[in-house]
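The primary structure of each chain is shown beneath.
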Amino acid sequence: MKVVHTIQELRDHLQGQTRVSFVPTMGNLHEGHLSLMRLARQHGDPVVASIFVNRLQFGPNEDFDLYPRTLQRDIEKLEAARDVYVLFAPSEKEMYPEPQSFRIQPPDDLGDILEGEFRPGFFDGVSTVVLKLFSCVQPRVAVFGKKDYQQLMVVRNMCRQFQLPVEILAHETVRETSGLALSSRNRYLSDAERAQAPQLYACLNAVKQQVAAGANDLSEIEQQAIQLLQQQGWDVDYLALRRQRDLLKPSSEEIASGEPLVALGAARLGSTRLIDNLEL
Ligand code: PAF
């Protein structure tokens, strides 16, 4: 695997390649990331991965400075997995040689709901860096995890509206046997919090079971789930049942008539904020 730090080196290595598949990451790689790279490899060759902790998508009180940066260990994991041909690990100066004044802004009804409501500007930052990374890598396919469900939808819509020639592939969330979704932020959890963390996924499953059993009062389903988490000691940002196609609220009729839905949640255990979701 070749590790490159500049856009020029990246372009030199990819010259003439027309089937590049791409996995953007912020590093601190775990099995979830490695499974994205495996999927990328099945759909294109060569595979390019990137590691870049993107300041633009962090709010002023978020964990940008603390975010785990583990490049050497990440390189070792990628070398061992043997799926990636080029790792692009640019510096901040390389990606943002001047203040990034042109930004992509997703539409309010997608970018300002759920995660966007609690992390203002997050999806502007994600879309902007993903567009820049796509421009550097020029992939034919790119792989994103369903764990960041709304991010996946934002990126898909951006590609569609800007008519970018990139096919976006989604990978299922990778979980521990406890149900806890793998995430770089799990490392912030204390032992006690880690033991408690699978409750978020269990709660999404409880929502799924309620809907399967015929419940169709949206706010009652959501309120019960929020209360359950709060009783267990979580500080809940949202627990929402939404339409899979656009993340808008389904009507009771839509719930009853089998509209594909997804339950999404974001909540804090201590100071660690976890997100998860479950398609129904
Ligand atoms: O999901 C992530 O790790 C990041 O949001 C991404 C897509 C790499 C953009 O910085």
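Reading the values: the criteria
Residues numbered from 1 in each chain as written. Predicted model: local features only at pLDDT ≥ 70, side-chain atom pairs only at ≥ 80, totals over all residues. Heavy atoms only, no water. Core = buried A, V, L, I, M, F, W, Y, C linked by side-chain atoms within 4.5 Å. Buried < 20%, exposed > 50% of the residue type's maximum accessible area, 1.4 Å probe, protein only. Helix = DSSP H or I, 4+ residues; strand = E, 2+ residues; numbered from the N terminus. Contact = heavy atoms within 4.5 Å. 1 Å grid on protein atoms, 1.4 Å probe; cavity = no way out; pocket = protein on both sides within 12 Å on 5 of 7 lines; lining within 4 Å. Points joined across faces, edges and corners; volume = space filled by probe spheres on them. Nonpolar A, V, L, I, M, F, W, Y, C, P; charged D, E, K, R; others polar.

**Student:** Hey, could you run me through the nonpolar core in this one?
**Tutor:** Soluble, globular proteins show a tendency: their nonpolar side chains are buried together. One finds Leu 10, Phe 134, Ile 168 and Leu 247 to be the most contacted residues of the largest nonpolar core, which totals 44 residues. Of all the secondary structure elements, the ones that give two or more residues to this core are helix H1 (7–14), strand S4 (86–88), helix H7 (122–137), strand S5 (141–145), helix H8 (149–161), strand S7 (235–243) and strand S8 (261–269). With nine residues, the single largest contributor to this core is H7. The residues touching Leu 10, leaving out its near neighbours within four places in the chain, are Val 4, Val 48, Val 86, Phe 88, Cys 136 and Val 137. Residues Leu 218, Ile 221, Ile 226 and Leu 269 belong to the second largest nonpolar core, which totals 25 residues.

**Student:** Help me understand the environment of Asp 12, please; the structure alone is not making it clear to me.
**Tutor:** Topologically, Asp 12 is positioned in helix H1. According to the relative accessible area criterion, Asp 12 is partly exposed, its value standing at 47%. Sequence-wise, Asp 12 and Pro 60 are 48 residues apart; in three dimensions their C-alpha atoms are separated by 36 Å.

**Student:** I tried to follow the side chain of Asp 74 on my own but got confused; where do I start?
**Tutor:** Turning to its location among the elements, Asp 74 is positioned in helix H3 (residues 71–81). Beyond its immediate stretch of four places on either side in the chain, Asp 74 contacts Gly 27, Asn 28, Leu 29 and Ile 51.

**Student:** Looking at this model, I keep getting lost on empty space enclosed by the protein. Mind explaining?
**Tutor:** For the structure on display, the rule yields one cavity of 30 Å³ or more. Looking at the largest cavity, the residues that line it are Gly 179, Leu 180, Ala 181, Ser 183, Asn 186, Ala 197, Pro 198, Leu 200, Tyr 201, Leu 274, Ile 275 and Asp 276. Among the elements of the structure, helix H10 (199–212) and strand S9 (272–279) are those that each provide at least two residues to the lining of the largest cavity. Sort the elements by how many residues they give to the lining of the largest cavity and S9 lands first, with three residues. Broken down by class, the residue content of the lining of the largest cavity amounts to eight nonpolar, three polar and one charged.

Taken by themselves, the reported measurements are silent on function.
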